[in-house]
Amino acid sequence: MKGELDKSFLQHINDNLGIARKVSRVYCPDPDDREDLFQEMMYQLWKSYANFDGLAKFSTWMYRVCLNTALTYRRKKEKERNQPLSGAHDQIALHDEQTNDHAIAMLFDAIATLSPVNKAIVLLYLENMSYAEIASVTGMTTSNVSVRLVRIKKELERQLKDTLKSASHVNP
Amino acid sequence: MSTLEDLKERWNADRSAAPTQSVDKAALEKMFKSRIMKHMKTSMQYFWASFGLQVLVYALLTHVLVRYGADLTTLMFCAGGILLHLPFTIMLMRKFRSMATLKLQHPTNDEDSLQHYVTRQHALLSDFYKFKKRYELLLIPLSGAIGVVLVFKLYVPGPLTQHWTGMLITFLLTIISCLLAIRSENRKSFREPLCELKTVIDEFRQEAP
């Protein structure tokens with residue numbers, strides 16, 4: 001390993017760990033892939049940390065690295081995921097995700113259906129970034145970001161309403 | 001307020017999206033060691049496979065050269081085979097090294113956009129794949145032909161001109177088996193990743209009307 005882990009790196013990572021969790025959840029529906037992607041993000045953040053000059057906010061830079069990693073990440077093939085049964089499989093499965101907020105879980109599910117680039121745009125939008133900031137991070141024009149966001153919002157609203165409607169039919 | 005706007009506020013307030021435990025130094029170091037091992041393993045797998053093949057070719061040609069080098073035709077074929085492989089071995093190792101080190105030396109820069117990063121990754125992989133394809137197109141038929149000629153010359157009685165059909169069939173079988181092995185490797189390691197990256201790049205470039 002090259003050098004000791006910087007204290008400030010650890011501090012920054014722990015303050016913003018939710019970013020890596022959110023990005024990995026949106027890009028990987030499979031829990032094994034998600035954990036693998038999360039570890040890859042941590043590794044890429046550590047490798048790239050020397051390039052962080054502090055001019056931008058750490059969270060913006062972390063989003064950049066995490067999204068770069070997610071967009072170029074190769075999922076394991078189905079056959080690679082198959083494994084023999086072991087004692088661990090007898091245990092009752094834990095709830096899939098870390099959030100207890102049902103509405104947020106619905107939002108995660110809706111975002112997961114978007115295309116890879118639209119996922120990145122909406123994640124940045126949800127973090128309260130301006131259109132100009134989103135354009136800078138993604139490398140798109142501000143007008144393109146703005147038009148895309150209108151469409152993405154419509155699509156997400158539609159999906160969320162559909163989910164809420166079907167949920168109310170099940171639990172009237 | 002719309003459903004999404006409402007959720008946006010909750011999204012930012014939702015601390016449960018972050019894990020309940022923070023990561024400590026030991027856990028991160030363990031994670032990084034395992035990632036380094038994984039990356040090394042992936043790179044080395046390809047390196048040893050291609051390097052192993054080169055060593056095998058050199059060993060065989062040298063053996064034949066030493067044993068049957070007294071015959072001028074055999075000597076020429078062996079020497080030709082070795083000389084043909086040498087620049088390709090050097091180029092392959094250089095290209096591979098530059099690809100591996102570029103990946104390590106240029107992680108995300110502060111000013112890099114997602115589009116730029118994905119495009120660069122695509123260019124890097126595509127460049128190596130182009131070289132690999134050219135290398136395979138030229139070298140495999142040539143080394144296959146040299147191998148077939150040497151085998152027929154050394155082990156099949158009679159002059160080479162009597163065995164054109166046999167030589168041609170053996171050559172075609174060699175090429176087909178090589179192509180099948182290469183096709184599967186190229187699909188898994190190059191075509192599929194390149195196609196995925198291209199889809200993302202196309203989506204970035206797609207201007208909203």
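Residues numbered from 1 in each chain as written. Chains lettered and ligands numbered in written order. Predicted model: local features only at pLDDT ≥ 70, side-chain atom pairs only at ≥ 80, totals over all residues. Heavy atoms only, no water.

Details of the pattern of salt bridges
Argument step 1. On inspection of all chains with the given rule, the structure shows 13 salt bridges over all chains.
Argument step 2. Two residues, Arg158 of chain A and Asp162 of chain A, come together in a salt bridge whose shortest N-O distance is 3.1 Å. On the criterion of helical spacing, the pair formed by Arg158 of chain A and Asp162 of chain A is a turn pair, its members being 4 residues apart in helix H9 (residues 142–170).
Argument step 3. Between Arg187 of chain B and Glu192 of chain B there is a salt bridge; the shortest N-O distance is 3.4 Å.
Argument step 4. Taking relative accessible area as the criterion, Arg187 of chain B reaches 42% and is therefore assigned partly exposed. (Salt bridge = Lys/Arg side-chain N within 4 Å of Asp/Glu carboxyl O. Helix = DSSP H or I, 4+ residues; strand = E, 2+ residues; numbered from the N terminus. Buried < 20%, exposed > 50% of the residue type's maximum accessible area, 1.4 Å probe, protein only.)

A short note on the side chain of Gln159 of chain A
Argument step 1. Mapped onto the secondary structure, Gln159 of chain A falls in helix H9.
Argument step 2. If we skip the residues at most four places from it in the chain, Gln159 of chain A touches Ala110 and Thr113 of chain A. (Contact = heavy atoms within 4.5 Å.)

Looking at the confidence of the model for chain B
Argument step 1. Summarising the model, chain B shows a mean pLDDT of 81, and 87% of its residues fall at 70 or more.
Argument step 2. Interface confidence for the predicted complex, given as ipTM, is 0.71, next to a pTM of 0.74. (pLDDT = per-residue confidence, 0-100.)

A word on the confidence of the model for chain A
Residues and elements named next belong to chain A.
Argument step 1. On average, chain A scores 81 in pLDDT, and the residues at 70 or more come to 78%.
Argument step 2. Averaged over each element, pLDDT in chain A is lowest for helix H5 (residues 78–81) (49) and highest for helix H7 (residues 116–126) (93).
Argument step 3. Here residues 86–97 is modelled with pLDDT under 50, and outside its nearest four sequence neighbours on either side it reaches 6 contacts, counting other chains as well.

Some details on the environment of Asn186 of chain B
All names here are of chain B.
Argument step 1. Along the chain, Asn186 turns up in helix H5 (residues 164–205).
Argument step 2. Taking the relative accessible area as the measure of exposure, Asn186 reaches 5% and is therefore buried.
Argument step 3. Measuring from C-alpha to C-alpha, the distance between Asn186 and Lys133 comes to 9.0 Å, with 53 residues separating the pair along the chain.
Argument step 4. Once residues lying within four places of it in the same chain are set aside, the contact partners of Asn186 are Tyr129, Lys132, Glu136 and Arg191.

A short note on the interface of chain A and chain B
Argument step 1. In this assembly, 68 residues from chain A lie in contact with 55 residues from chain B.
Argument step 2. Taking both sides of the interface into account, the surface hidden between chain A and chain B amounts to around 5,700 Å²; carbon and sulfur atoms contribute 59%.
Argument step 3. Scanning the region where chain A abuts chain B turns up 3 salt bridges.
Argument step 4. The closest approach of N and O atoms between Asp36 of chain A and Arg35 of chain B, which form a salt bridge, is 2.9 Å.
Argument step 5. Summed over the shared surface of chain A and chain B, the number is 14 residue pairs in polar contact (both at pLDDT 80 or more).
Argument step 6. Among the elements of the structure, helix H1 (7–15), helix H2 (17–27), helix H3 (31–48), helix H4 (58–71), helix H6 (102–112), H7, helix H8 (131–138) and H9 of chain A are those that each provide at least two residues to the side of chain A that touches chain B.
Argument step 7. Residues belonging to the side of chain A that touches chain B are distributed by class as follows: 32 nonpolar, 19 polar and 17 charged. (Buried area = accessible area lost by both parts, 1.4 Å probe. Polar contact = N/O pair within 3.5 Å; in protein donor to acceptor, adjacent residues only side chain to side chain. Nonpolar A, V, L, I, M, F, W, Y, C, P; charged D, E, K, R; others polar.)

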